[in-house]
Structures are given as structure tokens and as C-alpha cells.
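Here is how the chains run, residue by residue.
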Amino acid sequence: MTSQNTKRIIRKAVFPVAGLGTRFLPATKVMPKEMLPINDRPLIQHVVDEAREAGIEEFIFVTGRHKNMLEEHFDYQPELKSTLQKRGKDDMIAKVEYSEMPAGRLFTTRQPRPLGLGHAIWCAKKLVGDEPFAVLLPDVLINNQGKAGCLKQMVDIYNETGGNVIAVEDVPREETFKYGIVDVESEKGDCMTIKGLVEKPAPEDAPSTLSAIGRYILQPEVFEHLAAFEKGAGGEIQLTDAMAKLIGRQPFNATRFAGKSYDSGSRLGFIQANLAYATQDDEIGEAVKLLIQNMAKKLNKGEINVAAE
Ligand code: G1P
């Protein structure tokens, strides 16, 4: 294992986007789940925006079959822009331009078979190279009401601690089997030192109820462990298992980030996220709040058809 400066700047982020999105079928039969919209932009753009805000310069998508639309989304659309210009829709032009990725920033690699999150990250090894990097799972959105995003908060911690930093939040003990769970050594403010990590432990075996929520800053040595292709929970190559092997060799910290997470890969979480982002929208926010209040009144009265006017 190479020992080197573990505080180098984080320039690259990996987005594992090869997943099938079975929880949203038939909506995701043709359309990638990452293109489902939360308010005015697709899921993938929310996480790319979070990464951009944190200073990320290179965006690496680990894609699969039928995922070309993700690249298209970040491309230039000159015809669309000239049509909007002719119609005087400057606000829309600004939104479209914000979704454009400058030349030389977006890279893709493929995960040919669904062998697990660890395998997906390993597929980005060559593009990441020998430098620390971030990983963002696009299913999870973190809303901090316009304040510093989750990855930005993590980068600020990383600039102090170096090494590896993951974002965690409390989950009910009966749900630990769905997540990577951390074993905490010590805690100072919102930052804790980690002495262990377990993927999807049964509630009775979980070392805590703090779960990894899908935001990671990792040192490149993690690839050495991923390359072993060891199968873990669910018979998959797990990122958690490779991360666990870095503990004790490099700094490994976790943070309780500020903000609310939404599992937008589930139908309920998707609706919650849409409501949260829409209520904060400059254009429609107030109208959406009114709509929710009206619906709640109808529900309280026991009305079945709550479609709000
Ligand atoms: C993955 C990770 C898990 C993490 C979770 C967050 O699991 O393996 O450690 O807690 O994402 O959403 P998955 O949801 O892919 O089963």
C-alpha cells in the first residue's frame, strides 16, 4: 500500500448510473431512472450540480446499456437555444445553459454486468487514476434548502482531515439491513472517526444505526481492494467492504451532514423529493405550498378525491 499525501484536491467524481431502475417500471422501461425529473431537472443533474458546487471538474459516469440519454442531457443543444432565443425565452436559455457540460469534463465508462456498487466504482479506475475522488449515488438527493450541499460540506471536512470521508445519517435499527453501517470510534461535533464498516448488517449485528447515504470521498488505494473482486452482502462486490480495508491505514471519517436526504430511487421518496424541491422553487413554490395545504384539508375532512384545484 502506497503511503502518500491524502489531502490532495478532489477534482473528480464518479456517478454509478448503470442500474436498471426496476422500482420504477414501467416508467423506466426505456428511460433511464436517472432522467426522472425532480421539480425542473432530472435526478442526475441534481447530483452533478451538487458535485459542481463542491469544486468537481471531471464527471465520470459509469453507465450501461440504454443510458445514452444521460450524456445527451449534458450536451449542447444549439437548435433548442436558437428557438428559445427567437421566442425571447431568456430564463429558459439560462436553465438550458446551466445543464451544459463544458468540453472535456464528462467521461463515461461501462459496467457491462451488474456485479455490485464496488464493481461499478472499479470500472472507473483508469479514469480516476491515482488521485482521491468523490462518489455520488444519484438515487439519493440531499436538500439543504439552498445552503452548502452535502459534498461541499464533506470537502470542507476533508480539507482538514484528509483521507476518506463519508456522509452518514441515523436510520431506524430495523432498517440497518438496507445500508452500509459505520462503527464509530470517537465523535467530535458532526465529525466522527470510524473504526469499522459493515454492509447491510442485520439489526442485531449492526454496530450502530448510522448509515452511509451515498456520498463518499475516497483515496485511490480503494481500487487495490476493489480489484480483488471479493463478493460480499447479497453476493455483490461491495464498495463498503473495500472501504473497510482502508480503515487503520488512512484517516477515515464520517460526517452527519446538514440537510435532508431523499431516496429518490423509491416511489415514495421520489414524491417526497419532488414536493420538497417544488416548494422551494422561486416560480411555483408558493403555489405548491397552497396546493399541499388544500390537499391536506381535504384529507383531514376524509375526502377521498384529494386532487387539489
Ligand atoms: C448502497 C451502498 C450502501 C449505502 C446505500 C445508500 O446500497 O452499498 O452501503 O448505504 O447505497 O443508498 P444499495 O442501495 O445500492 O443497495
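Treat the numbers as computed from the prediction; the structure is a model and nothing was measured. (Residues numbered from 1 in each chain as written. Predicted model: local features only at pLDDT ≥ 70, side-chain atom pairs only at ≥ 80, totals over all residues. Heavy atoms only, no water.)

## Re the pairing of strand β7 (residues 140–143)
On any regular strand, side chains alternate: one points to one face of the sheet, the next to the other face.
Item 1. Across the two faces of β7 the burial is the same, with Val140 and Ile142 and Leu141 and Asn143 all buried.
Item 2. Alignment of β7 against strand β13 (residues 260–263), held across four bridges, turns out to be antiparallel. For Asn143, the partnering residue across the bridge sits in β13 and is Lys260. (Buried < 20%, exposed > 50% of the residue type's maximum accessible area, 1.4 Å probe, protein only. Helix = DSSP H or I, 4+ residues; strand = E, 2+ residues; numbered from the N terminus. Pairing = 2+ DSSP bridges.)

## Examining the layout of surface pockets
Item 1. Computed from the structure, the second largest pocket encloses a volume of approximately 970 Å³.
Item 2. Put simply, the parts of the chain that give the lining of the second largest pocket at least two residues each are β3 (41–42), α1 (43–53), α2 (68–73), α4 (90–98) and β7. (1 Å grid on protein atoms, 1.4 Å probe; cavity = no way out; pocket = protein on both sides within 12 Å on 5 of 7 lines; lining within 4 Å. Points joined across faces, edges and corners; volume = space filled by probe spheres on them.)

## Quick notes on unusual backbone geometry
Item 1. Following Leu25, the chain continues to Pro26 via a peptide bond in cis, the omega torsion being 5 degrees.
Item 2. For Pro26, the location among the structural elements is in the loop between β1 (12–16) and β2 (37–38).
Item 3. Even without being a glycine, His66 presents a positive backbone phi close to 65 degrees.
Item 4. Residue position: His66 is located in the loop between β4 (58–63) and α2.
Item 5. In this structure, Gln145 takes a positive phi of about 50 degrees despite not being glycine.

## What about a nonpolar patch on the surface?
Item 1. A cluster of nonpolar side chains, namely Ile271, Leu275 and Ile292, defines an oily patch on the protein surface of about 240 Å² accessible area.
Item 2. With respect to the helices and strands, Ile292 occurs in helix α11 (residues 285–300). (Patch = residues over 30% accessible without salt bridge, like charges linked within 9 Å, V, L, I, M, F, W, Y side chains within 5 Å. Areas by Shrake-Rupley, 256 points an atom, 1.4 Å probe, with all protein chains shown as cover. Salt bridge = Lys/Arg side-chain N within 4 Å of Asp/Glu carboxyl O.)

## Some remarks on the site of the ligand
Item 1. All residues in the neighbourhood of the ligand are listed as Leu117, Leu137, Val140, Tyr179, Gly180, Glu199, Lys200, Ala212, Ile213, Tyr216, Gln238 and Thr240.
Item 2. Note that an oxygen atom of the ligand is positioned 2.7 Å from one of the side-chain N or O atoms of Lys200.
Item 3. Note that an oxygen atom of the ligand is positioned 3.4 Å from one of the side-chain N or O atoms of Thr240.
Item 4. Against a free-state accessible area of 380 Å², the protein chains account for coverage of 72% of the ligand.
Item 5. Tallying contributions element by element places strand β11 (residues 210–218) first for the shell around the ligand, with three residues.
Item 6. Each residue belonging to the shell around the ligand can be placed in one class, and the counts come to seven nonpolar, three polar and two charged. (Near = heavy atom within 4 Å. Polar contact = N/O pair within 3.5 Å; in protein donor to acceptor, adjacent residues only side chain to side chain. Nonpolar A, V, L, I, M, F, W, Y, C, P; charged D, E, K, R; others polar.)

## Quick notes on the nonpolar core
Item 1. Formed by 42 residues in total, the largest nonpolar core has its most connected members in Phe15, Ile44 and Leu151.
Item 2. No other element matches helix α7 (residues 150–161), which puts six residues into this core.
Item 3. When residues no more than four places from it in sequence are discounted, the contact partners of Ile44 are Phe15, Val17, Glu34, Met35, Phe61, Leu70, Phe74 and Pro138.
Item 4. Formed by 31 residues, the second largest nonpolar core is a distinct cluster that contains Val14, Leu210, Ala212 and Leu239. (Core = buried A, V, L, I, M, F, W, Y, C linked by side-chain atoms within 4.5 Å. Contact = heavy atoms within 4.5 Å.)

## A look at the state of the cysteines
Item 1. The tally for this structure, following the rule as stated, stands at zero disulfides.
Item 2. Looking at Cys191, it has no disulfide partner, and the nearest cysteine sulfur is the one in Cys150, 13 Å off.
Item 3. Residue classification places Cys191 among the buried positions, given a relative accessible area of 18%. (Disulfide = S-S within 2.5 Å.)

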